[in-house]
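Architecture at a glance
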8 protein chains.
Amino acid sequence: MSGGSLEKLLTDIRDGSLSVADGMNLLRESSVLDLGHTKFDLQRPARNGFPEVIYGEGKTPEQVGEIFLRVGDRSNVLATRVSAEMAAHVQSVCPNAEYNPLGRALTLVVKPIVWKQGEVAIVTAGTSDLPVAEEARETCRMLGVRAKILADVGVAGIHRLINNLPEVLAARAVIVIAGMEGALASVVGGLVPQPVVAVPTSVGYGASFAGLSALLGMLTSCASGVTVTNIDNGFGAACAACRIINACEGNSKT
Amino acid sequence: MSGGSLEKLLTDIRDGSLSVADGMNLLRESSVLDLGHTKFDLQRPARNGFPEVIYGEGKTPEQVGEIFLRVGDRSNVLATRVSAEMAAHVQSVCPNAEYNPLGRALTLVVKPIVWKQGEVAIVTAGTSDLPVAEEARETCRMLGVRAKILADVGVAGIHRLINNLPEVLAARAVIVIAGMEGALASVVGGLVPQPVVAVPTSVGYGASFAGLSALLGMLTSCASGVTVTNIDNGFGAACAACRIINACEGNSKT
Amino acid sequence: MSGGSLEKLLTDIRDGSLSVADGMNLLRESSVLDLGHTKFDLQRPARNGFPEVIYGEGKTPEQVGEIFLRVGDRSNVLATRVSAEMAAHVQSVCPNAEYNPLGRALTLVVKPIVWKQGEVAIVTAGTSDLPVAEEARETCRMLGVRAKILADVGVAGIHRLINNLPEVLAARAVIVIAGMEGALASVVGGLVPQPVVAVPTSVGYGASFAGLSALLGMLTSCASGVTVTNIDNGFGAACAACRIINACEGNSKT
Amino acid sequence: MSGGSLEKLLTDIRDGSLSVADGMNLLRESSVLDLGHTKFDLQRPARNGFPEVIYGEGKTPEQVGEIFLRVGDRSNVLATRVSAEMAAHVQSVCPNAEYNPLGRALTLVVKPIVWKQGEVAIVTAGTSDLPVAEEARETCRMLGVRAKILADVGVAGIHRLINNLPEVLAARAVIVIAGMEGALASVVGGLVPQPVVAVPTSVGYGASFAGLSALLGMLTSCASGVTVTNIDNGFGAACAACRIINACEGNSKT
Amino acid sequence: MSGGSLEKLLTDIRDGSLSVADGMNLLRESSVLDLGHTKFDLQRPARNGFPEVIYGEGKTPEQVGEIFLRVGDRSNVLATRVSAEMAAHVQSVCPNAEYNPLGRALTLVVKPIVWKQGEVAIVTAGTSDLPVAEEARETCRMLGVRAKILADVGVAGIHRLINNLPEVLAARAVIVIAGMEGALASVVGGLVPQPVVAVPTSVGYGASFAGLSALLGMLTSCASGVTVTNIDNGFGAACAACRIINACEGNSKT
Amino acid sequence: MSGGSLEKLLTDIRDGSLSVADGMNLLRESSVLDLGHTKFDLQRPARNGFPEVIYGEGKTPEQVGEIFLRVGDRSNVLATRVSAEMAAHVQSVCPNAEYNPLGRALTLVVKPIVWKQGEVAIVTAGTSDLPVAEEARETCRMLGVRAKILADVGVAGIHRLINNLPEVLAARAVIVIAGMEGALASVVGGLVPQPVVAVPTSVGYGASFAGLSALLGMLTSCASGVTVTNIDNGFGAACAACRIINACEGNSKT
Amino acid sequence: MSGGSLEKLLTDIRDGSLSVADGMNLLRESSVLDLGHTKFDLQRPARNGFPEVIYGEGKTPEQVGEIFLRVGDRSNVLATRVSAEMAAHVQSVCPNAEYNPLGRALTLVVKPIVWKQGEVAIVTAGTSDLPVAEEARETCRMLGVRAKILADVGVAGIHRLINNLPEVLAARAVIVIAGMEGALASVVGGLVPQPVVAVPTSVGYGASFAGLSALLGMLTSCASGVTVTNIDNGFGAACAACRIINACEGNSKT
Amino acid sequence: MSGGSLEKLLTDIRDGSLSVADGMNLLRESSVLDLGHTKFDLQRPARNGFPEVIYGEGKTPEQVGEIFLRVGDRSNVLATRVSAEMAAHVQSVCPNAEYNPLGRALTLVVKPIVWKQGEVAIVTAGTSDLPVAEEARETCRMLGVRAKILADVGVAGIHRLINNLPEVLAARAVIVIAGMEGALASVVGGLVPQPVVAVPTSVGYGASFAGLSALLGMLTSCASGVTVTNIDNGFGAACAACRIINACEGNSKT
């Protein structure tokens, strides 16, 4: 509940147009869709600028199906980390849901997406990083942000990146996705002026330690101002890019 | 060297107004101030939107002094991680340099700072996180970005954060600085819509593992779209915020 | 064997009503049910206030079935970390055993549970933490402690916790169960005066490192007096809560 | 602010005895002593049952001295992790402050301590664990809880523990402090029915990894219901014990 | 090749009874059974007092079967870490091989075992540690050392250990096998005078980190003179015990 | 693109024989085979002396099949980390591809291999290290370097290594492959003068931590000048050996 | 208290020659020298075959001095990890104490050492491992075990070890002390039949991680039956060797 | 002792020109300079192609001084990791020794250095990596290998590397030295065909973990055939380069 809404509520109480008990209930009821196992956060768009997204892992297909049914009658829905089995179940109860198997994302669009100004460039070091890139792209799409994937431009053949630099420079924010040593984040960070969100991936073996090497490498990047998300967190990087796009949009309006 | 400059240079060569040898030299000489021990990157403002900053640790006072003298005749200079001893030496050869002992930052302002639109809120969990906050604030200042510190609003007394929320919401980007478990990043990330850059600090002991706990906590934040920098990296967080401010400024112009 | 019993035994020996050899046997036989592969500890209620609980992992279904048969003729039995297969086997030899598949707990109630005074609030950050919460709830039940689960009130939508605070404040002890960064423990610990036992869960991916991030975050919580159990250890948290309930009950009697 | 106070405040607003603006201010002002660098949490006794304690590390002597002066005119004050130098400075501005050099605790008692019912037993494995035990004991004292230290009863000579068991069994809660492998927590946890809070210490070398081995050992204790604090966190263990004592006291009153 | 044999060989060369080339060949051929994929070490009994043992993991059933066939015509054979599938294959080509499925050991006895003087006590903390104990027992047997397993005497119910202490004290060397926090090694090490070899096991979950906690706990044991093997290394502990038995036997002969 | 080629291109532009636009296209097009999901690096032989090799993991069989078809019409192809399933698919579309199941390498030879001067010795500690050795051998073969495997000569029976030393000394570079503690690298490094590339393997269990122990052991080898690759990286070691062979070949020509 | 003594005590109680209260006191008093800060374990020689040794770190010079005075009137005393300052203080109050600065051991001999049969060989990889070797040697001496140091025979020059092998083979037990990768333990373990106790040292830098690499290497040694102590734990290795010597001595008597 | 020498020795024994005892002595005496604390390996040039180098850390100045005196009468001497204090002492007894304080290397040249064919390029990411580069350069020099340092060409300003590429390409082997994320190794490895030895440095803070991030990044480099040394191990990298130079030199002679 925003500061303005809170002031309104307090004023209504003072004016007697709202009872104290009702005020306390209002504070509670407007904010959560309570399904027992899940308390779906309805206030998140107001607070964060984008809705709660369902994290599929550790939930049962039935729980996710119920959320799609209950939330999907009022707004678009996105679930990440959705297995093929979970997707099949949800689609059986909610036939309009669409599944992206590479990005493991399940989406339901019931209202037209309103596109924001400014595009995001999603750059990957290798072909094997594509699942994370797809998760990021789907998330951007559901948040109304256009995104473009530039795949397999890692530093072992750095001319591939140089060739694609103009496309990267045209975006408002850049997501760099890389596994192994994650050096692409440093190189991109050193070459472009935009916000750069680095996503380490679990691509690699041995001393990659399931993404730890890329994570540490990106955190200690010699390129200034590169920020980092969790390993394989394409969703989080897209949300971060969306926060940036929103901030700029706010700016362009004032 | 930007794409436009490169095209110009190639065109000049084609037109005969530039020899091939001169073209190759130009590509080299315009970009670096070579001091032997250091190759100061003069192209960084063109590429990244802000100048190279001197990382004081592991350099000798003499090296840093020389950089201040050589760079400081053409542009403002910022050095981070500067000990009191190093600062004293540099000030002896470059008397206009100013030292912030809490933030361990040394600055030289030879051209007026041009302030950009949009402010950054720097939020700290505890009093002990202030050195990192000061490093971030000094960096923002040298990059032309206004920043405001809200100290000691950690989640053990969450009303302190709630009380200061309006000031946080007024900023264009938010830097959250916290040690120990770093939970403040999740709470702020859940309450505000702006880009949130989280900086784990080495404040704490035992299982804090010199900032590792806060780092892991911030990377796995349940609040969507929080991005993370290296431990104690106030400088990097400020650069990230500056990249965001620049992106928005670019937007407002178009 | 308690101090009182030991004195009695020594006195009986002195008085000649007990031979030395019998005394040594008594010390041994009253304390253990020896099944060869397992030495079931019969003294634990006297020492710890609650019986030995069977840890299912690493045991064969046959071993667990035998323990249920042998122990279940004298007292209630609880086994944790029981797979569906193991449960099916035990139920085939001990049909009154009941299985909670979400909490992976197998129980046999042959004597009515005697409920203690004071309730435990089990608070979870997300839906995916429910299996750990169920293990804690089943353990509480078998130890005679009433427990209530408040699910999915994590800090990404902190109003969900605030809304449920009165129910948390009504309990005598609080168990906080959270994965990812585990920030909920700090927030709850900062808001309530009761004993808070935090259970990190393996919910999450990447830098969650199978619960390590939540574990470290809870250990370094800025909220004073939060204590921590092993990752996913709902059983241990319930035992800790039971120790607290027992301590208070002892108090209320004196 | 408790639920009751909040209802009162809202009622006053409804009745017109409190303006909306004043209500918002009241919510803010009653809760924090704002010193600029520090926002001392005045609501903590109401919320947690004990006051905010000053963590000395990372603060300047001047900051701590100022807190003692400003807080010490209304309530008792405790600071932990205080170096001898910091203590000397604070005592120079606040002469009644007392310093415990072994426990590195600085205390100021301006109101008589009100002792609660029930004692805490602090058990240490070795002589080198005494600083942590002293920190716990001082914290207990300032929170009105009596505590008794039983030192050097580690499992290498387990008869030392057995000899002291009656004293341990007489307490309401037990704090076990051990470095190296921390096995004492398991042995005590297996022998007593009370709440057991285990504190790993950094005593040891090599594979002790500054307390990590003891920490992991205590977290994975085979004794049920042992909970754990951060390494060397005598303060946190005392707070946890105090939460238990408070819970029992609440019980004995009802 | 022992020092004596080497001197003999050199003497033979000097005396002309052995050519230089033959000497070099002899040094090679007497020592290794070369199967291409494997160079089975035939000198190990002379050097170490016990034969090379086959480590099953990472080998194919065919390779192990071939080794059994080729080595089994001259001496007894032991293979550890043998899966049921591998065992079945080897038994199909070498029908006298016997498989211990709990200990995952495959043995072939073609010469009667010669028993050495002195027994080994194998003590386990829990039922789940039995596979490691069985591997140790089988290894002892094949090395001619009698061993006895005392299972499930962990410190959560320490009277179980005390009851069995006389049997432990009767052995010449003690192997302690424990998972979780591994505290049993410290307690046994504190109670007995014999050589104590501690084997951490991967029994446990969460912060057990697959045996790391037990390993670190045993390495930092407060009981003096406890030594440690790799996690789950029942085989290695048995070899260490055998080295001790051999050393004592050597002693009793002189 | 080499320095010479770049000068030529710039000269052509100056002379007017190449337009600026064509120059920019040429720089791009000659270097990459763009398949959408993959940007196959065609410049790598010129830059590195050997072609890009396909890393099979994380790619789909279809993607790898397409690369074999598209690249295999102009040059030999090697893919590593290829599962049997992936190999079967690629062979179905590209029947001349050959699969080495032990080394998990898939090769296609369309042009005769040109053998370079100098051989590589591949030394393994145990039989279980053979898959890594085979990957190295296949890579050497495809890069035109002869390689010979000496298997199972680990330090537990050091005479096996001594016996094979002449063969090791005959090579130009040595690859040492070992799991567990990886001591073979130190022993070989201490006995031979050649470049020694050490490959830790994930052979082992428990404290081997999937190759970490061997990795750390090789990195800290007391033998001077041993260098190390990633765990199980037979491919990388072969490339390093090939770089050495190439450097020497360059030398012998000048 | 041994089983025999316990039976005697119980019999005395039965016979009336000992009161119950006296029996309980006797059990306590005979076993501990209680100094308040320290409960010196007087039963250890009976239980473990050697007396309690003082661990100097974390104790004050005054505490150690007091222990020397109080214990040194009845038996020999050994303290390890003693700084020069602590040694000076203890010598000021107990002038007969002798200090070994390299081994950081402080000893007081008031009764002639009784030498046991069988010698220990202490083998070090490098000169920098000598402090650990000296600690082991002093401990052996105080436990009545003769020990001989063979220094600087690491595997980078393996002929140095081969040259000294006869001396190693003459010992009853072998202690191998090595830092860096610790490969010497594997090589010695592969060459000798005796019990081998490996001590990793913190000698090294970088990926040595203060002894972790050597520790892991020794734990995963391919030589069978090598056991390991904590990093730099020369004391523990000597105690382990002493346990072996004692076991053999027991054997030779029967 | 090389294979040829061994054959000669055996032949001499056969011919009677050498007694067996003398043969055994010869094998020992020719190989080691035994100083008690140190067994200086005189065979290393024959075996490895370069002499033993003294590792200064953990040795006393007196020990190092003695080695310089005893070895320095027959050959050049190099000691690494030499503090200023140690250097001063050695120079007091051996005045011709020269100290490089940045590289912490102490050298004594008594015979003219014989320069080998082929140069080494030492490339550093930053100014702070210079100490490691200097250690490498001094080692190269003492091994007769010319080396050239190219400092501060890290990837944050990648044009600095591109500008210096011709100089890198002119070398026979390349050493890349970088801290933080170590990305320079991947970029150089992708751009040049020579053997590339990567040295991670401890330059950085926080998640650099004293060089661990750079180490992991280099081990998982996406550039094929980059090999890695220990953190800060300029000495080892130089030895590796020297092994390569020697291998090529051998080649050019045949």
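Every value quoted in this text rests on a predicted model; they were computed, and no experiment measured them.

What counts and what doesn't
- Residues numbered from 1 in each chain as written.
- Chains lettered and ligands numbered in written order.
- Predicted model: local features only at pLDDT ≥ 70, side-chain atom pairs only at ≥ 80, totals over all residues.
- Heavy atoms only, no water.
- Helix = DSSP H or I, 4+ residues; strand = E, 2+ residues; numbered from the N terminus.
- Buried < 20%, exposed > 50% of the residue type's maximum accessible area, 1.4 Å probe, protein only.
- Contact = heavy atoms within 4.5 Å.
- Areas by Shrake-Rupley, 256 points an atom, 1.4 Å probe, with all protein chains shown as cover.
- Lys, Arg positive; Asp, Glu negative; His and termini not counted.
- Charge placed at Lys NZ, Arg CZ, Asp CG, Glu CD.
- Salt bridge = Lys/Arg side-chain N within 4 Å of Asp/Glu carboxyl O.
- Pairing = 2+ DSSP bridges.
- Axes fitted to C-alpha atoms, helices over the stretch in contact; angles between N-to-C directions.
- Least-squares fit on C-alpha atoms with pLDDT ≥ 70 in both.
- Buried area = accessible area lost by both parts, 1.4 Å probe.
- Polar contact = N/O pair within 3.5 Å; in protein donor to acceptor, adjacent residues only side chain to side chain.
- Nonpolar A, V, L, I, M, F, W, Y, C, P; charged D, E, K, R; others polar.

This next bit is on the overall build of chain A. Scanning chain A from terminus to terminus reveals 10 helices and 11 strands. Each principal axis of the C-alpha distribution contributes one length, and for chain A these read about 70 × 45 × 35 Å. Counting the 254 residues in chain A, one finds 65% classified as buried. When contacts within chain A are restricted to residue pairs at least 6 apart in sequence, long-range pairs at least 24 apart make up 67% of them. Carbon and sulfur atoms make up 56% of the accessible area of chain A, which totals about 8200 Å². In chain A, the 21 positive side-chain charges and the 24 negative ones have mean positions that sit 4 Å from each other.

Residues and elements named next belong to chain G. By the definition in use, this model includes 93 salt bridges over all chains. Among the salt bridges present, the one from Glu-135 reaches Arg-81, with a minimum N-O distance of 3.3 Å. Of this pair, Glu-135 sits in helix H6 (residues 130-142) while Arg-81 sits in the loop between strand S4 (77-80) and helix H5 (84-93), and the two are 54 residues apart along the sequence. Taken as a pair, Glu-135 and Arg-81 share a single burial class, namely buried.

On to the sheet that holds strand S3 (residues 54-55) of chain F, then. Residue and element names in this part refer to chain F. Ordered in space as S3-S4-S6-S5, the 4 strands form an open sheet in which the pairing is mixed. At either end of the open sheet lies a strand with only one pairing partner, and these are S3 and strand S5 (98-100). Across 2 bridges, the pairing between S3 and strand S4 (residues 77-80) is parallel. When the bridges of S4 are listed, Tyr-55 appears paired with Thr-80. Relative to the sheet, helix H5 (residues 84-93) contacts S5 and strand S6 (105-108), its axis offset from that of S5 by approximately 170°.

The next thing to look at is the arrangement of the chains. Separated in space, chain C and chain F share no contact, their closest pair of C-alpha atoms being 15 Å apart. Nothing in chain D touches chain F; the tightest C-alpha to C-alpha distance between them is still 13 Å.

It is worth spelling out unusual backbone geometry at this point. Trans is the prevailing form of peptide bonds, just as negative phi is the prevailing case for residues other than glycine. All names here are of chain C. One non-glycine residue, Phe-209, adopts positive backbone phi at about 45°. Relative to the assigned elements, Phe-209 resides in the loop between strand S10 (196-200) and helix H9 (212-219). Overall, Phe-209 belongs to the partly exposed group, its relative accessible area being 26%.

It takes a turn of 180° to lay chain B on chain A, together with a shift of 0.0 Å along the axis; the resulting RMSD is 0.1 Å. As the rotation angle and translation indicate, the two copies are arranged about a two-fold axis. In this assembly the copies share their binding face: 100% of the residues contributing to the interface of chain B also contribute to that of chain A.

With that settled, the discussion passes to the interface of chain B and chain A. With 35 residues of chain B at the contact, the number on the chain A side is 35 residues. Overall, the association of chain B and chain A removes approximately 2900 Å² of surface from exposure, summing both partners, and the carbon and sulfur fraction of that is 51%. Seen at the junction of chain B and chain A, the total is 0 salt bridges. At the junction of chain B with chain A, the criterion picks out 18 residue pairs in polar contact (both at pLDDT 80 or more). Considering every element that reaches the side of chain B that touches chain A, the biggest residue donor is helix H11 (residues 234-253) of chain B, with 11 residues. Here the residues of the side of chain B that touches chain A are counted per class, giving 16 nonpolar, 15 polar and 4 charged.

All names here are of chain B. Here Lys-116 is to be found in the loop between strand S6 (105-108) and strand S7 (119-124). One buried charge, Lys-116, has no salt-bridge partner; the nearest side chain with opposite charge is Glu-249, at 5.4 Å. Among the polar contacts listed, one links the side chain of Lys-116 to the backbone oxygen of Leu-143, at a separation of 3.4 Å. Within the structure, Lys-116 has its side chain in polar contact with the side chain of Asn-246 (distance 2.9 Å). Ignoring sequence-local partners within four residues, the contact set of Lys-116 consists of Gly-49, Leu-143, Gly-144, Val-145, Arg-146, Cys-242, Ile-245, Asn-246 and Glu-249.

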